[in-house]
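Structural features, examined
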Amino acid sequence: MSLNKLPQVDKILNLECFKTAIKPILANIVRDELEKQRELLKQGKDMLEFDKLTQLILQKYENFINKGLKRLINATGVVMHTNLARSVIDEQILSRAKDVITSYSNLEYNLNSGQRGNRYDYIGSLLSSLFGFEDALVVNNNASAVFLILNTFAKGGETIVSRGELVEIGGSFRVPDVMSASGSILKEVGTTNKTHLYDYENAINESTKMLLKVHRSNFDIVGFTRSVDISEISKLAKDRNLIEYYDLGSGYVGELNYNLGKDEPSIAKFSKVSLVSFSGDKLFGSVQAGIILGKRELIVKLRKNALLRMLRVDKVTLAILSESVKAYLNKEFELITTIKHINKELSSLENLANLINQNLKTPLEIVKTNTFVGGGSLPNKTYPSIALKVAGEAILNESIYRAEGIIGRIENEAFLLDLRSILDKDVKELIEKINKIESAK
């Protein structure tokens, strides 16, 4: 076949199936595929027929598009699914923040004085009021919070931490690595399963700058164990003129149903600790951020660290976070989607299952199950949920539903749509897609 039989790039770009495509991206894919076909022709081989070539290009373009952020229906039952972007922002919270995000704002302008302002003053006051701390600061995630605190107060000196708390967080980031990067020297005390107060006492020397406690928010150590409460560490630090810091990782406000809060620390309990940090997008239920709470003089020093320029958050994060905090302050807990779904009563989920089945052409089996909160919080703590069981081969069903933007889970060789994590606004679409999928089988 002659090389002049190769289709022109524009001919493919202008096909109806590519009408809404991002043309520069599509053009690169087309050129790559045409080059491969050209090499086949040079070798005396047959090139793909035009229709097959078009389908190949379409598949590669769709694979690229699937890498972009897109809305999904979370039917895993894991309310804070790390792979599905953890906490969901309520539409009303976003609406309240919209005007600030889409306009010029007083991000760093003081309306009272007409002078340059500080982006942290307002959110710092809101967070202080909510939790009872003297001041607060926000950086882009909790790993950044750990890094900034250690770099500010323990650079070149030792930070004492229990061996049983040297955790690895998401994405293979480890606390020891963050500490090393901050310039602080790690001083391990105790053993994996047991650490006593005297371990901290005996490790303190002239190089000690900080006593660090890390909450094991993504794993449990059970059996023959002991750890030191932050109140004991705090007292020791004050007695020795040191700074104590509690890295909560995840923390919540108010109450959690199903006795989930039994072993999980509520943030407000630690207002006497010098420094505390936690993630904004975990149990707090807002945007990704590292929220630092503590003594005013310490927060002031953190603000003066030049590294904050690299770790600070922008107007979008601050605007949404501010509205989340205000919702908590005004007791509008229904606007915190994460807590709302964690706390949903089982009867409410049963009613939802019945509602969905009433609108399905072929109702699905309703089953009782258990799920996890997820997102690096409440390790090994399960709580009850209700799911719809899809008949048929589980792995195949998972693939078919995933192709339609519904992410469920496989349990006991069955594919389940767990309703604990289904948003109210997704119910109608879920019903439509179940009918579509099941009718096509």
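Source: prediction; values computed, not measured.

Interaxial distance between helix 4 (residues 91-101) and helix 12 (residues 315-329) falls to 9 Å at its minimum, and their mutual angle equals 140°. Of the possible angle classes, the one that applies to helix 4 and helix 12 is oblique. Two packed elements cross with a definite hand, and for helix 4 against helix 12 that hand is right-handed. Taking contact as the criterion, the partners of Ile93, Leu94, Arg96, Ala97, Val100 and Ile101 in helix 4 are, on helix 12, Lys315, Val316, Ala319, Ile320, Glu323, Ser324 and Ala327. Within the contact of helix 4 with helix 12, the residues separate by chemical class into nine nonpolar, one polar and three charged.

We now examine the UniProt feature "modified residue: N6-(pyridoxal phosphate)lysine" (unreviewed entry) in the chain. Those places that UniProt annotates as "modified residue: N6-(pyridoxal phosphate)lysine" (unreviewed entry) correspond, in this numbering, to Lys282. For lysine 282, the location among the structural elements is in the loop between strand 9 (275-279) and strand 10 (290-294). The exposure class of lysine 282 is buried, given its relative accessible area of 9%. Dropping the residues within four chain positions of it, lysine 282 is found in contact with Met80, Arg86, Ser87, Gly249, Ser250, Thr338, Gly375, Gly376 and Ser377.

You can see aspartate 418 is positioned in strand 15 (residues 414-418). Within the local environment of aspartate 418, its side chain forms a polar contact with the backbone nitrogen of arginine 420, the two atoms lying 3.0 Å apart. Those residues in contact with aspartate 418 that sit more than four places away from it in its chain are Asn74, Ala75, Thr76, Gly77, Thr369, Thr371, Ser385, Ile386, Ala387 and Arg409.

On to the pairing of strand 11 (residues 365-374), then. The side chains of a regular strand alternate between both faces of the sheet. Of the pairings in the sheet, the one linking strand 11 to strand 12 (residues 377-390) comprises nine bridges and is antiparallel in character. Within strand 12, the residue paired with phenylalanine 372 across the bridge is threonine 382. Counting the residues that bridge the hairpin from strand 11 to strand 12 gives two residues, and of these glycine 375 lies at a positive phi of roughly 65°.

On to the pattern of salt bridges, then. Where charged atoms from two side chains of opposite charge come close, those side chains can pair. Scanning the model with the defined rule gives 26 salt bridges in all. As a salt-bridge pair, glutamate 398 and arginine 402 come within 2.9 Å of each other at their nearest N and O atoms. Of this pair, glutamate 398 and arginine 402 both sit in helix 15 (residues 394-403), four residues apart, which is roughly one turn of the helix. Owing to a relative accessible area of 44%, arginine 402 belongs among the partly exposed residues under this scheme. Several salt bridges converge on common partners, so that one network encompasses Arg71, Asp426, Glu429 and Lys433.

With that settled, the discussion passes to the domain arrangement of the chain. Many descriptions give the size of an interface as the accessible area lost when the pieces come together. Splitting the chain by domain gives domain 1 (9-66), domain 2 (73-84 + 339-440) and domain 3 (91-332). Just the C-alpha atoms count here: the centres of domain 1 and domain 2 sit 37 Å apart.

The four strands lie next to each other as 11-12-15-14, forming an open sheet whose pairing is antiparallel. On the outer flanks of this sheet lie strand 11 and strand 14 (409-411), each paired with one strand and no other. For this sheet the average axis-to-axis angle between neighbouring strands, irrespective of direction, equals 50°. Taken strand by strand, helix 14 (residues 346-358) contacts strand 11 and strand 12, and its axis lies near 25° from that of strand 12. Against the sheet, helix 15 makes contact with strand 12, strand 14 and strand 15, and its axis sits at roughly 40° relative to strand 15, the strand it touches most.

How each quantity is defined
- Position numbers for residues start from 1 in each chain and track the written sequence from start to end.
- It should be noted that, the model being predicted, local features are given only for residues of pLDDT at least 70 and side-chain atom pairs only at 80 or more, the latter also being counted only at that level, while totals for whole chains, interfaces and linings use all residues.
- Here the side-chain values reflect all heavy atoms present in the structure, with hydrogen atoms and water set aside.
- Between N-to-C directions, angles cover 0 to 180 degrees, with each direction set by a line fitted to C-alpha atoms, over the stretch in contact for helices.
- Helix and strand assignments follow DSSP, with helices taken as H or I runs no shorter than four residues and strands as E runs no shorter than two, numbered in order from the N terminus.
- Angle categories: roughly parallel below 35 degrees, roughly antiparallel above 145, roughly perpendicular from 65 to 115, and oblique for all the rest.
- Crossing handedness is read from the near helix: turned anticlockwise from the far helix by less than a right angle, it gives a left-handed crossing, and turned clockwise, a right-handed one.
- Every residue pair with non-hydrogen atoms within 4.5 Å of one another is taken to be in contact.
- Polar here means any residue other than Ala, Val, Leu, Ile, Met, Phe, Trp, Tyr, Cys and Pro, which are nonpolar, and Asp, Glu, Lys and Arg, which are charged; Gly is therefore polar.
- UniProt positions are given in the numbering used here, feature names are shortened, and annotations may be inferred rather than shown by experiment.
- Exposure is judged per residue with a 1.4 Å probe applied to protein chains only, and the accessible area is read against the type maximum: over 50% gives exposed, under 20% gives buried, and values in between give partly exposed.
- Here a polar contact is taken to be a pair of N or O atoms separated by no more than 3.5 Å, where protein atoms must pair a possible hydrogen donor with a possible acceptor and residues adjacent in sequence count only if both atoms sit in side chains.
- Strands are treated as partners if at least two bridges between them are detected by DSSP.
- Whenever a carboxyl oxygen of Asp or Glu lies within 4 Å of a side-chain nitrogen of Lys or Arg, that contact is scored as a salt bridge.
- For the domains described, the bounds stem from an automatic or database domain assignment.

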